[in-house]
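Structural description and commentary
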Amino acid sequence: MQLVINGQSQCFDNVNSVLQLLESLSLQDKRIAVECNGEIIPRSTFPSHLLTDGDQLEIIVAVGGG
Amino acid sequence: MIDMDDLLSIAGKSYHSRLLVGTGKYRDFAETRAAVEVSGAQIVTVAIRRTNIGQHPNEPNLLDVLPPEKFTLLPNTAGCYTAMDAVRTLRLARELLDGHSLVKLEVLGDQQTLFPDVVATLEAAKLLVKEDFQVMVYTSDDPIVARQLEDIGCVAIMPLASLIGSGMGILNPWNLQIIIENAHVPVLVDAGVGTASDATIAMELGCDGVLMNSAIAGARNPALMAQAMRKAVEAGREAYLAGRMPRKTYQASPSSPMEGMIGHT
């Protein structure tokens, strides 16, 4: 399916849940937060939240800043 | 040594350090960690950004270097120019930090000066307080806006000393003093501190704390400047609590006795 991740459109095979998406990006063990179509996806629902073709996701981290 | 139990209280939590530091502009994580440690800061700001997809999956994360167990991480809304961007950023930040709701709100109005858009800031503050965030809010040194932000329910007011990253120090101590005198929540100077004396002056005016980033990260020797800033904030605070001598314009007052001077009748 086609997903827009952090503004970039990418094609994913065998990805159904948010957790599977994160695993395919090697992000499953990282300190991140996820927003899907403007809604925050709680960490506890990563395995159960199912993605649809065309979903827009933001995957964010903490970085240095003032 | 006089030991003072003079804790900084923000949103019901107490802190020993009145120096808060940012984590931006450092050469690398090692330098960031060293400076933060030496500064003695307990509250540390971070920015919220998109992760790099597909690059360096084993790269350390800032939170590995500054663990939330050891520091109070204060997510900011740097780069947000609308109230909704700021609110959205902080919702994500709260999720990232496991429900931690103490946040720094800033809504900027101009890319060159990074001056706060106080109207948008007020709007964002209202939304965030309604969603149970504990908002420490970056603002201009306008005393009316400061009061309005406090009335909305912000837990700390953070007026700028001068422009973000400018190192110009406190440009309007009079406004700052008005804000301090009228506030019922902590007032922390945020933005524009350039060197140790700036921080000391802020504390002598009665600020409850100082937040700085560029002053330390932009120094030639950041760790040494962090150490200086730690002392500067402590010195300023003690001078404030000690109650300074009054200023006497045009009237000298010798410190030595006038009686018993040699050669006088």
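Residues numbered from 1 in each chain as written. Chains lettered and ligands numbered in written order. Predicted model: local features only at pLDDT ≥ 70, side-chain atom pairs only at ≥ 80, totals over all residues. Heavy atoms only, no water.

**Observations concerning the overall build of chain B**
We count it as follows: Secondary structure elements are taken from DSSP: a helix is a run of H or I of four residues or more, a strand is a run of E of two residues or more, and numbering for both begins at the N terminus. A radius of gyration in this sense is built from C-alpha atoms; the matching globule rule multiplies 2.2 Å by the number of residues raised to 0.38. The cut-offs for exposure are 20% and 50% of the maximum accessible area for each residue type, with area from a 1.4 Å probe on protein chains only; residues under the lower value are buried, those over the upper are exposed, and the others partly exposed. Whether two residues are in contact is decided by their heavy atoms, any of which lying within 4.5 Å being enough. Where accessible areas are quoted, they stem from the Shrake-Rupley method and a 1.4 Å probe; at the residue level, only the protein chains shown are allowed to cover.
Across its full length, chain B holds 9 helices and 10 strands. Compactness check: chain B gives a C-alpha radius of gyration of 21 Å against a globular reference of 18 Å for 265 residues, within 12% of the reference. In terms of overall dimensions, chain B has a C-alpha envelope of 90 × 40 × 35 Å along the principal axes. Here chain B holds 265 residues, and 49% of them are scored as buried. Put simply, of all contacts in chain B between residues at least 6 apart along the chain, 65% involve residues at least 24 apart. Of the roughly 13,600 Å² that chain B leaves accessible, carbon and sulfur atoms contribute 52%.

**Things to note about the nonpolar core**
Formally: Working definition of a nonpolar core: buried Ala, Val, Leu, Ile, Met, Phe, Trp, Tyr and Cys residues. They are joined through side-chain atoms within 4.5 Å.
One finds Leu-105, Met-212, Ile-216 and Met-229 of chain B to be the most contacted residues of the largest nonpolar core, which totals 70 residues. Apart from the residues within four sequence positions on either side, Leu-105 of chain B is in contact with Thr-77, Ala-86, Thr-121, Ala-124, Ala-125, Leu-128, Val-135, Met-136, Val-137 and Tyr-138 of chain B. In terms of nonpolar packing, the next biggest core, distinct from the first, is built from 19 residues, Leu-22, Leu-25, Cys-36 and Leu-51 of chain A among them.

**Considering the packing of aromatic side chains**
Spelled out, the test is: Aromatic rings from Phe, Tyr and Trp, with only the six-membered ring used for Trp, were paired whenever their centres fell within 6.5 Å, and each pair was classed as stacked if the ring planes differed by under 30 degrees, edge-to-face if by over 60, and tilted otherwise. Only lysine NZ and arginine CZ atoms are considered, and such an atom sits over a ring when it is within 6 Å of the ring centre and within 35 degrees of the ring normal.
Taken as a whole, this structure holds 0 aromatic pairs over all chains when the rule is applied. One Lys or Arg, Arg-94 of chain B, reaches over the ring of Phe-133 of chain B and ends 3.6 Å from the middle of that ring.

**Examining the sheet that holds strand E6 (residues 102–105) of chain B**
Residues and elements named next belong to chain B. What counts here: DSSP calls a pair of strands paired once it identifies at least 2 bridges connecting them. Geometry is summarised by axes, namely lines fitted to C-alpha atoms with helices restricted to the contacting stretch, and by angles between N-to-C directions that run from 0 to 180 degrees.
Taken together, 3 strands build an open sheet; the order of strands is E6-E7-E8 and the sheet is parallel. In this open sheet, the two strands that pair with only one neighbour each are E6 and strand E8 (156–159). Each strand axis lies, on average, 20 degrees off the axis of its neighbour in the sheet, ignoring direction. Pairing of strand E7 (residues 134–139) with E8, which is carried by 4 bridges, proceeds in the parallel orientation. Considered in E8, the bridge of Val-137 is made with Ile-157.

**Things to note about the packing of helix H5 (residues 143–152) of chain B against helix H6 (residues 173–182) of chain B**
Residue and element names in this part refer to chain B. Definition in use: Working rule for angles: under 35 degrees goes down as roughly parallel, over 145 as roughly antiparallel, 65 to 115 as roughly perpendicular, anything else as oblique. Each crossing gets its hand from how the near helix is turned against the far one by less than a right angle, where anticlockwise is left-handed and clockwise is right-handed. Put simply, Ala, Val, Leu, Ile, Met, Phe, Trp, Tyr, Cys and Pro go in the nonpolar bin, Asp, Glu, Lys and Arg in the charged bin, and everything else, Gly too, in the polar bin.
Taken N-terminus to C-terminus, the directions of H5 and H6 make an angle of 30 degrees; their axes are 9 Å apart at the nearest point. By the angle class used here, H5 and H6 are roughly parallel. In this structure, the crossing between H5 and H6 has a hand that is right-handed. On H6, the residues that touch Pro-143, Ala-146 and Glu-150 of H5 are Asn-175, Ile-178, Ile-179 and Asn-182. When the residues that make up the contact of H5 with H6 are grouped by side-chain class, the tally is 4 nonpolar, 2 polar and 1 charged.

**So, helix H4 (residues 118–130) of chain B**
Residue and element names in this part refer to chain B. What counts, and what does not: One fewer than the residue count of a helix, multiplied by 1.5 Å, yields its expected span. In protein, a polar contact means a hydrogen-donor-capable atom and an acceptor-capable atom, both N or O and within 3.5 Å, with residues adjacent in sequence counting only if both atoms are side-chain atoms; elsewhere, any N or O pair within 3.5 Å suffices.
Look at H4: 18 Å from first C-alpha to last across 13 residues, which is about the 18 Å you get at 1.5 Å a residue. Those residues of H4 not exposed but buried are Ala-120, Thr-121, Leu-122, Ala-124, Ala-125 and Leu-128. Those residues of H4 that are buried are in contact with helix H3 (83–96), E6, E7 and H5. The residue sitting at the N-terminus of H4 and contributing the capping side-chain oxygen is Asp-117; that oxygen lies 3.2 Å from the backbone nitrogen of Val-119. Looking one or two residues beyond H4, the residue adopting positive phi is Asp-132, at roughly 65 degrees.

**Re the interface of chain B and chain A**
Just so we agree on the cut-off: Summed over both partners, the accessible area (1.4 Å probe) lost when two parts come together is defined as the buried area. The term salt bridge refers to a pairing of a side-chain nitrogen on Lys or Arg with a carboxyl oxygen on Asp or Glu at a separation within 4 Å.
In this assembly, 29 residues from chain B lie in contact with 26 residues from chain A. Here chain B packs against chain A, burying approximately 2,500 Å² in sum over the two surfaces, 56% of which is carbon and sulfur. By the criterion of area lost to chain A, the three top residues of chain B are Arg-50, Ile-53 and Leu-96 of chain B, representing 26% of everything that side buries. Counting across the chain B and chain A interface gives 4 salt bridges. In this structure, Asp-98 of chain B and Arg-31 of chain A form a salt bridge, with 3.3 Å as the shortest nitrogen-oxygen distance. Along the contact surface separating chain B from chain A lie 17 residue pairs in polar contact (both at pLDDT 80 or more). Residue assignment for the side of chain B that touches chain A shows that the elements contributing at least two residues are strand E4 (43–50), helix H2 (62–65) and H3 of chain B.

**Remarks on the confidence of the model for chain A**
What counts, and what does not: pLDDT measures how confident the predictor is about each residue, on a scale from 0 to 100.
Put simply, chain A has an average pLDDT of 95, and 100% of its residues get 70 or more. Within chain A, the element-level pLDDT minimum falls on strand E2 (residues 8–11) of chain A, averaging 94, and the maximum on strand E3 (residues 33–36) of chain A, averaging 97.

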